[in-house]
Amino acid sequence: MAAPGVGVRPIHDLAGEHHFNEVTFDSVFVPDDHVLGAVGGGWTQVTEQLALERGGVERVLSTYPLLAAALGAAGELGDGEAERTGEVLARLATLRAMAFDVAAEMDAGRAPVHEAAMLKDLGTTLEREVNELARTLLDTPVDPGAPGAEGLLAQGILAAPGFTIRGGTTEVLRTVISRGAVSARGSRPADDAGLGEVADQVLAGHGGEPGDDLPEIWHTVRDLGWTGVGVAETRGGEGGDPHDVVTIVEGLGRHQVSVPVAETILARRALAEAGRDVAGEVATVAVPQRGENVRLTADGRLHGTVSKVPWGRHAGHVVVLATLDSGQEALAEVRTGAAGLHWTPGANLAGEPRDTLRLDGTPATPLDGPGDVLAEAALLRAAALTGALAAALDQTVTHVTVREQFGRPLVKFQAVAQLVARMASELESARVAVRRATQALAEGHPDAWTRVAAARVITGRAATEGARIAHQLHAAMGITREHPLHLATRRLWSWRDEFGTARWWAGRLGRTFAERGPDRLWQWITE
C-alpha cells in the first residue's frame, strides 16, 4: 500500500466510525511475483470469492449481541413477544446451520454461489427484524450513548442500511438465486440410502385429490413395508431411523399423495415400545388441540374429545395422548369399535380426513411412557410441508420459464425472478431446519423438541410464503382446480397448522430460551 501511485482516503459510516477506505491506483507498477492467479482472471476470482463474503456466519450473527442483550433486559415475555422471539431464534439457528453448510462446501473446494446468495438474502432480512424485535422488547427511545442493549440497538439501527448492500444488493442476490432455481428444476437433495429415489419411483403419478376410500397406492406402500420404517425389526418393523421416515414423508408431500403412512408409523412406534404390533392395519395418533383434554383414569378408561384426528375413520388403532389424574401425560391405545368411542367425520383444506374422536369412558391400554409423540408428529408434518413446497416451486419455475409475455419468458422479468428466488430460499431454509430436527431426534437429544419447534416455525413460514408466491406467479390460471397447483398449496395451507401451529411452537421456543438465558441460547444456536 506504500507503493507510488496508491492513494487511501478514509470513509466514515453513519455511526461516524471508520471501517472503509477509498483506494485509488494511479499507474501503479505490479511486479510479476505480486500477481494472484492468472492475468485477466480477476473478475472470475472476485465473483467466486463473493460466496465467501456472502456465506460467512457474520452475515447472520452480526446483530446477535443485540438480540441476547434485549432478551436479557426484557424480563417476562408476553404472548406476542414470545412468538416473535421464537420465530427469530428459529430462523437464526437455521441460518447458522446454512452458513455451516456453505463453509463445508467451500472447504471441499466447491463454490456454493447459489447457497451463499440464499444465506445472505435471508440473513439480511433477519438482521433487520432483530432490530425491530429489540425495539419492541426494550420499548424506549434510543440513546446512542447508553450502555447495554439500548446502545447496541442504536448501533444496529445505524448499521441496518448497509445490511442489504454488503456482499451484493438484494436484487442482485435474488437474480443469482432465481437462476439457480431454474437450473435445479425437478431435482431433489440426494440421500445416502437412495430411499428418496425409490419413493419417487413408487409414488410418481399417484397424487391427486383425496377420496372417500384409501387409494390403491396405500396398499402398495403398505405391502412395501413403508408403515414399518422407523420401527425396530425386533418389534415387527422394517428398521431404519428418523432420517428414513422423513425421506418417505417428504416424498409423499412432493407427489401430493394422501395416505396415512406418517400417522401409522407414529402409532406403530408407540405401540412397539409396549411390545405390540399392528402391521398391515391403519393406525393413527390423537393429540388434543389447544383447549381440549383427554383424561386417562386409574381404571384404564378415557374421557374427552379430540378434534382433527388424521384418518380417524380408517384407523383400526388409535394412540391417544392423555392426561393422568396426577397431571402427567401418558399414551394409551384404543381400538375402533370399543365401547364409548365415537367418530364424527371432518376434513382439512386439502380434503384429507380430519375426524373428531369422542371418548366416553372408553377402555384403553396404557402404553409405556409418553415419549414425545407431539414432536415426532410435528417433524413429519414439517417434512411433508417441505415436499409439497418443493412441488409447488417446481410447478412455478416450469410455468414462468414456459409462459411468455412481450416475447420473452416471465422469469426474464426481474419482478418475477425476485419472487422465484424468495420461494427457493424459503424451501432451502425449510430443508435445513427439517434436517437438523431429524438429526436431533435420531441422536436422542434431550432437547430435540427445540429443533422440531424451529423446523415447524421455518416450514410454516415457508409454506405460507411459498403458496402465496406460487399463486401470484400462476395468476388466474392457478386459482382453478383445473390446474394442479392447488394439490400442493391446499396441502401447504392445511399441514402448516397441524400438530401445533407455527405460532404455538414459536411461543414455546421463545419463552424457553428467554428463561434459560444467553449462555444456553448461544450453545443451542452454535451446537
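Preceding block: the structure.
Computed from a predicted structure; not experimentally measured.

Caption draft 1: Summary view of the overall build of the chain. In terms of helices and strands, the chain carries 17 helices and 12 strands. The C-alpha extent of the chain, read off along each of the three principal axes, is 95 × 55 × 45 Å. For the chain, buried positions account for 50% of its 527 residues. Long-range contacts, defined as pairs at least 24 residues apart, comprise 72% of the intrachain contacts of the chain with a sequence gap of at least 6. Looking at the chain as shown, the accessible area adds up to about 24100 Å², and 52% of this sits on carbon and sulfur atoms. Here the chain holds 50 positive side-chain charges and 68 negative ones, and the gap between their average locations is 4 Å.

Caption draft 2: The pairing of strand 5 (residues 301–310), seen in detail. With 3 bridges connecting them, strand 4 (residues 294–296) and strand 5 associate as antiparallel partners. Within strand 5, the position partnered with Val294 by the bridge is Gly304. Two successive antiparallel strands, strand 4 and strand 5, enclose a turn made up of 4 residues, where Gly300 displays a positive phi of approximately 80°. Relative to strand 9 (residues 354–363), strand 5 runs antiparallel, the two sharing 8 bridges. Bridge pairing links Gly304 to Leu359 in strand 9.

Caption draft 3: Geometry of the environment of Val320. Structurally, the position occupied by Val320 is in strand 6 (residues 317–324). As a C-alpha pair, Val320 and Ile458 span 138 residues in sequence and 27 Å in three-dimensional space. Residues contacting Val320, with those up to four places away along its chain left out, are Ala286, Val294, Leu302, Ala330, Leu331, Ala332, Val334, Leu357 and Leu359.

Caption draft 4: Up close: the pairing of strand 6. Here strand 6 lies mainly inside the structure; 6 of its 8 residues are buried. Pairing geometry for strand 4 and strand 6, over 2 bridges, is parallel. Its bridge partner being in strand 6, Arg295 is matched across the sheet by Thr323. Both strand 6 and strand 7 (residues 329–335) contribute to a ladder of 7 bridges, which runs antiparallel.

Caption draft 5: Region of interest: the packing of aromatic side chains. Tallying each qualifying case throughout the model produces 4 aromatic pairs. The interplanar angle of 80° and the centroid separation of 4.8 Å between the aromatic rings of Trp504 and Trp505 together place this pair among those described as edge-to-face. The side chain of Arg408 reaches across the aromatic face of Phe413, ending 4.2 Å from its centre. Looking at Arg508, its charged tip hangs above the ring of Trp449, at a distance of 3.9 Å from the centre.

Caption draft 6: Quick look at unusual backbone geometry. Unusually for a residue other than glycine, Asp139 sits at a positive phi of about 50°. Tracing the sequence through the fold places Asp139 in the loop between helix 5 (113–138) and helix 6 (148–163). The class for Asp139 is exposed, based on a relative accessible area of 66%. Its identity as a non-glycine residue notwithstanding, Phe406 has a phi of 55°, on the positive side. Structurally, Phe406 is set in the loop between strand 11 (404–405) and strand 12 (408–409).

Caption draft 7: Local environment of helix 14 (residues 448–474). With 27 residues, helix 14 should reach 39 Å at 1.5 Å per residue; the first-to-last C-alpha distance of 38 Å fits that figure. With 23 of 27 residues buried, helix 14 is to be regarded as a mostly interior element. Directly after helix 14, the chain includes Ala475, whose backbone phi takes a positive value near 55°.

Caption draft 8: Focus on helix 9 (residues 216–223). Listing the buried residues of helix 9 in full gives Ile217, Trp218 and Val221. Down the axis of helix 9, the buried side of the element spans an arc of 105°, and every buried residue falls inside it. Along helix 9, the residues that are exposed and aim more than 90 degrees away from the buried face are Glu216 and Asp223. Those residues of helix 9 that are buried lie in contact with helix 8 (195–203) and helix 11 (261–273). Once helix 9 finishes, Gly225 follows within two positions and takes phi at roughly 90°, a positive value.

Caption draft 9: Representation of the nonpolar core. Judged by nonpolar contacts, the single largest core of 146 residues is most densely connected at Leu67, Leu203, Leu302, Val320 and Trp524. For this core, the leading source of residues is helix 12 (residues 373–402), giving 19 residues. Beyond its immediate stretch of four places on either side in the chain, Leu67 contacts Val88, Leu89, Leu92, Val130 and Leu133.

Caption draft 10: View of the pattern of salt bridges. One pass over the full model with this rule turns up 31 salt bridges. Note that Asp79 and Arg511 form a salt bridge whose closest N and O atoms lie 2.4 Å from each other. Of the two residues, Asp79 sits in helix 4 (residues 79–107) while Arg511 sits in helix 16 (residues 502–516), which places them 432 residues apart along the sequence. Arg511 sits in the partly exposed class, given a relative accessible area of 33%. Notably, a salt bridge pairs Asp200 with Arg254, separated by 2.4 Å at the nearest N-O pair. Here Asp200 is found in helix 8, whereas its partner Arg254 is found in helix 10 (residues 242–254), with 54 residues between them in sequence. By sharing partners, the salt bridges in this structure join Glu87, Arg91, Glu129, Glu426 and Arg461 into a single network.

Thresholds applied
- Residues numbered from 1 in each chain as written.
- Predicted model: local features only at pLDDT ≥ 70, side-chain atom pairs only at ≥ 80, totals over all residues.
- Heavy atoms only, no water.
- Helix = DSSP H or I, 4+ residues; strand = E, 2+ residues; numbered from the N terminus.
- Buried < 20%, exposed > 50% of the residue type's maximum accessible area, 1.4 Å probe, protein only.
- Contact = heavy atoms within 4.5 Å.
- Areas by Shrake-Rupley, 256 points an atom, 1.4 Å probe, with all protein chains shown as cover.
- Lys, Arg positive; Asp, Glu negative; His and termini not counted.
- Charge placed at Lys NZ, Arg CZ, Asp CG, Glu CD.
- Pairing = 2+ DSSP bridges.
- Phe/Tyr/Trp six-rings, centres within 6.5 Å; stacked < 30°, edge-to-face > 60°.
- Lys NZ or Arg CZ within 6 Å of the ring centre and 35° of its normal.
- Expected span 1.5 Å × (residues − 1).
- Arc of directions from axis to C-beta.
- Core = buried A, V, L, I, M, F, W, Y, C linked by side-chain atoms within 4.5 Å.
- Salt bridge = Lys/Arg side-chain N within 4 Å of Asp/Glu carboxyl O.

Any link to function would need more than the numbers given here.
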